[in-house]
Amino acid sequence: MAEPLLITQRIETLTTGVSLLENDLNRYGLRMSRPIRTRRQATLASLAAELGVSRTTVSNAYNRPDQLSPELRRRVLETARRLGYPGPDPVARSLRTRKAGAVGLLLTENLSYAFRDPAAVGVLEGLALACEDAGVGLHLVPASPGREDLAAVHRAGVDGFVVYSVPDDDPHLAAVLERPVPTVIIDQPRIEGIDRVGPDDAAAVTQLADHLVALGHRQIGVLCMRLARERNDDFVTAERQSSAHFHVQRTRLESLATAFSTAGVDWANVPVVERFDHTVDDGASAARQLLDAYPQVTALVCTSDILALGALAEAERRGLRVPLDLTVTGFDGISEAERSGLTTVHQPVLEKGKVAGRLLLGSAERIGPKIITLPTDLRVGRTSAPPRTVEEPWFGG
């Protein structure tokens, strides 16, 4: 009896031209696999040969479309899709051009902070707008407090860094400055020879302090953001204030001290409470700690709106009337503060990020560092008034 013919079935994917499987079926229906054959992926050279054009023409269709007619570019891209050509290798392109096409944002906080803190969100949005205008990407390089993951800085494929408000002794900052790419600092620290964008904190806080002095406040307390990389959720000594590595906070405290000392207040007797984390709850706990120890205070000066919103919550919990029993002020001018009627210093946080991005992306066109000082505006709201008098005794407790 003649040996039955083998039935051969070949399965192919026509869209890619790749042979996926080839099996023989014998008379028992059993498959006898043969080696899988895979067609080589199309390359820039093979695509150019298919089209009868140069490799430069193919490359221009992706990287410099203005160099081709619309019809030729359409034909290149359609042929590339048909042959399965994925486009130029971005890694190879970056090695060739020495450009990553992205800006790195370094912030020494957990990644979620950039999307949770209102001031940080504004800065991030402004920076993103600058990147959009320039057609580049944005790469977040978070450096969580207490962790020295310098590899995150070393391996970041970026053309430059924007550093957002870090202490002057931060190792991630040192790693950024070791990279041979341009750097722009937002707020802090001040480093000679490095571009920086930020407000005049001394002038802004002095204006706020003068407002409180004019109202008659002499018994004040201060709630401030972290002063150093090591945690301290407590009262702050004069030494810690003067040696703070976050120079924005140091400047704001120094400006308050100067203004109130001029008004006859002994700064050594002014209680200052620090919080490492920056949340409304931390502002409330800081206000509680300070008011428990110094109930005679008539005004709480907070170095951020977030801390001030927490102080307002604590005042309400204690039954204090704001501003009759207690004046509360902030700094930043976030939307939540505006809705609360907070007396605060407004700074343009979105513009801060946008200006920093433009400064970084245009750094190759100029020589020497540039310092840009943004304007601030004291906005007197419903939370500041003259201090209570003997006729207006302390309520709550």
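What counts, and where the lines are drawn
- Residues numbered from 1 in each chain as written.
- Predicted model: local features only at pLDDT ≥ 70, side-chain atom pairs only at ≥ 80, totals over all residues.
- Heavy atoms only, no water.
- Pairing = 2+ DSSP bridges.
- Helix = DSSP H or I, 4+ residues; strand = E, 2+ residues; numbered from the N terminus.
- Axes fitted to C-alpha atoms, helices over the stretch in contact; angles between N-to-C directions.
- Salt bridge = Lys/Arg side-chain N within 4 Å of Asp/Glu carboxyl O.
- Buried < 20%, exposed > 50% of the residue type's maximum accessible area, 1.4 Å probe, protein only.
- Core = buried A, V, L, I, M, F, W, Y, C linked by side-chain atoms within 4.5 Å.
- Contact = heavy atoms within 4.5 Å.
- Phe/Tyr/Trp six-rings, centres within 6.5 Å; stacked < 30°, edge-to-face > 60°.
- Lys NZ or Arg CZ within 6 Å of the ring centre and 35° of its normal.
- Left-handed = near helix turned anticlockwise from the far one by under 90°.
- Nonpolar A, V, L, I, M, F, W, Y, C, P; charged D, E, K, R; others polar.

- In the annotation of an unreviewed UniProt entry, the protein is listed under the name DNA-binding LacI/PurR family transcriptional regulator and assigned to Amycolatopsis jiangsuensis.

### Some thoughts on the sheet that holds strand E10 (residues 272–274)
- Strand order in this open sheet of 6 strands is E10-E9-E11-E12-E13-E15, and the pairing throughout is mixed. Each edge of the sheet is formed by a strand with only one pairing partner; in this case those strands are E10 and strand E15 (377–379). Sheet twist, expressed as the average angle between the axes of neighbouring strands with direction ignored, equals 15 degrees.
- By the bridge criterion, 3 bridges tie strand E13 (residues 343–346) to E15 in an arrangement that is antiparallel.

### A closer look at the pattern of salt bridges
- Considering all chains together, one arrives at 18 salt bridges under this definition.
- Arg321 is the partner of Asp325 in a salt bridge, and the nearest nitrogen-oxygen pair spans 3.1 Å.
- Residue classification places Asp325 among the buried positions, given a relative accessible area of 1%.
- The partly exposed category is assigned to Arg321, whose relative accessible area is 29%.

### A look at the nonpolar core
- Core analysis: the largest hydrophobic core is formed by 26 residues, its most contacted members being Ile220, Val222, Leu256, Phe260, Trp267 and Val272.
- Looking at this core element by element, the count peaks at 6 residues for helix H9 (residues 201–215).
- Those residues in contact with Val272 that sit more than four places away from it in its chain are Val222, Cys224, Asp234, Phe235, Val236, Gln241, Leu253 and Trp267.

### Side note on the packing of aromatic side chains
- Under the criterion given, the structure shown has 1 aromatic pair.
- Measuring from ring centre to ring centre gives 5.9 Å for Phe235 and Tyr294, while their planes differ by 65 degrees; the resulting arrangement is edge-to-face. Placement of the pair is Phe235 in the loop between strand E9 (220–224) and helix H10 (238–242) and Tyr294 in the loop between helix H12 (280–293) and strand E11 (299–302), with a sequence separation of 59 residues.
- On the basis of relative accessible area, Tyr294 is assigned to the partly exposed category, the value being 29%.
- Positioned over the ring face of Phe276 is Arg226, at 4.0 Å from the centre of the ring.
- The positively charged end of Arg252 is found above the aromatic ring belonging to Phe331, 3.6 Å away from the centroid.

### What to know about the packing of H9 against helix H11 (residues 247–262)
- Direction vectors running N to C along H9 and H11 enclose 35 degrees, while the axes themselves pass 8 Å from each other. Considering how the two elements wind past one another, H9 and H11 form a crossing that is right-handed. Listed contacts from H11 to Asp201, Ala202, Val205, Thr206, Ala209, Asp210, Leu212 and Val213 of H9 are Val248, Thr251, Arg252, Ser255, Leu256, Ala259 and Phe260.
- Residue composition of the contact of H9 with H11, grouped by class: 9 nonpolar, 3 polar and 3 charged.

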